[in-house]
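# Architecture and fold: a report
Each chain, letter by letter, is given below.
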Amino acid sequence: MDKDVEEFIEDLLEIKKIGRYDFREIYGFTFVFKKEIFLINDHRSSAEIKPIGIIYEENGEYYLAPIGVVDEIEEVIKEFVKQQLKSKN
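Computed from a predicted structure; not experimentally measured.

Across all of its chains, the model carries 3 aromatic pairs by this definition. Seen from their ring centres, tyrosine 56 and tyrosine 63 are 5.6 Å apart, and the 25° between their planes marks the pair as stacked. For tyrosine 56, a relative accessible area of 27% puts it in the partly exposed group. The rings of Phe23, Tyr62 and Phe80 are connected pair by pair, giving a single aromatic cluster.

As structure tokens, then:
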């Protein structure tokens, strides 16, 4: 779809996309999920929770084992580091 047409439709219907990463620690592993919520005219139209990968610690270092092809590895790492810094303060 043409970028101008897509932006016009998003503005007309007031489409908003809210995305964030959630981290759940279970048995020493941190599971990473991506949550996306789409709003049309301030009403939830759809939501998606998608597993991204597993973060684990080995020899004092953290590793990310992605599940499938993950394009946003840097974003996941940034969010994980932010969360770790918040929990230590």
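Here the focus is the pairing of strand 4 (residues 61-66). Sheet analysis places strand 3 (residues 43-58) next to strand 4, joined by 6 bridges and oriented antiparallel. Bridging across to strand 4, glycine 53 finds its partner in proline 66.

Attention shifts here to the side chain of lysine 34. Within the fold, lysine 34 resides in strand 2 (residues 29-40). Given a relative accessible area of 18%, lysine 34 falls into the buried group. Reaching out from lysine 34, the side chain makes a polar contact with the side chain of glutamate 36 at a distance of 3.5 Å. Ignoring sequence-local partners within four residues, the contact set of lysine 34 consists of Arg20, Tyr21, Glu48, Ile49, Lys50, Ile52 and Glu72.

On to the pairing of strand 3, then. Judged from the 11 bridges that link them, strand 2 and strand 3 form a sheet pairing that is antiparallel. From the neighbouring strand, phenylalanine 31 faces strand 3, where its bridge partner is isoleucine 54. Linking strand 2 to strand 3, which pair antiparallel, is a turn of 2 residues; within it asparagine 41 sits at a positive phi near 55°. Linkage of strand 3 to strand 4, two consecutive antiparallel strands, is achieved through a turn of 2 residues, within which asparagine 59 is found at a positive phi near 55°.

Together, Asp2, Asp4, Glu6, Glu7, Glu10, Asp11 and Glu14 make up a negatively charged patch on the protein surface. Note that glutamate 10 resides in helix 1 (residues 3-13).

Attention now moves to the sheet that holds strand 2. If you walk across this open sheet you meet the 4 strands as 1-2-3-4, and the pairing is antiparallel. Edge strands, defined here as strands with exactly one partner in the open sheet, are strand 1 (15-26) and strand 4. Neighbour to neighbour, the strand axes of the sheet diverge by 30° on average, direction disregarded. Packing against the sheet, helix 2 (residues 73-88) makes contact with strand 1, strand 2, strand 3 and strand 4, and its axis sits at approximately 60° to strand 1.

Attention now goes to the pattern of salt bridges. In the structure shown here, the tally under the stated rule is 7 salt bridges. Note that lysine 17 is salt-bridged to glutamate 36, the shortest N-O span being 3.3 Å. Of the two residues, lysine 17 sits in strand 1 while glutamate 36 sits in strand 2, which places them 19 residues apart along the sequence. With its nearest N and O atoms 3.9 Å apart, the salt bridge here joins lysine 34 to glutamate 72. Taken together, the positions of lysine 34 in strand 2 and glutamate 72 in the loop between strand 4 and helix 2 put the pair 38 residues apart, joining distant regions of the chain. Accessibility classification places lysine 34 together with glutamate 72 in one group, the buried group. Each of Lys17, Lys34, Glu36 and Glu72 takes part in a single network of salt bridges with overlapping partners.

The rules behind these values
- Residues numbered from 1 in each chain as written.
- Predicted model: local features only at pLDDT ≥ 70, side-chain atom pairs only at ≥ 80, totals over all residues.
- Heavy atoms only, no water.
- Phe/Tyr/Trp six-rings, centres within 6.5 Å; stacked < 30°, edge-to-face > 60°.
- Buried < 20%, exposed > 50% of the residue type's maximum accessible area, 1.4 Å probe, protein only.
- Pairing = 2+ DSSP bridges.
- Helix = DSSP H or I, 4+ residues; strand = E, 2+ residues; numbered from the N terminus.
- Polar contact = N/O pair within 3.5 Å; in protein donor to acceptor, adjacent residues only side chain to side chain.
- Contact = heavy atoms within 4.5 Å.
- Patch = residues over 30% accessible without salt bridge, like charges linked within 9 Å, V, L, I, M, F, W, Y side chains within 5 Å.
- Areas by Shrake-Rupley, 256 points an atom, 1.4 Å probe, with all protein chains shown as cover.
- Salt bridge = Lys/Arg side-chain N within 4 Å of Asp/Glu carboxyl O.
- Lys, Arg positive; Asp, Glu negative; His and termini not counted.
- Charge placed at Lys NZ, Arg CZ, Asp CG, Glu CD.
- Axes fitted to C-alpha atoms, helices over the stretch in contact; angles between N-to-C directions.

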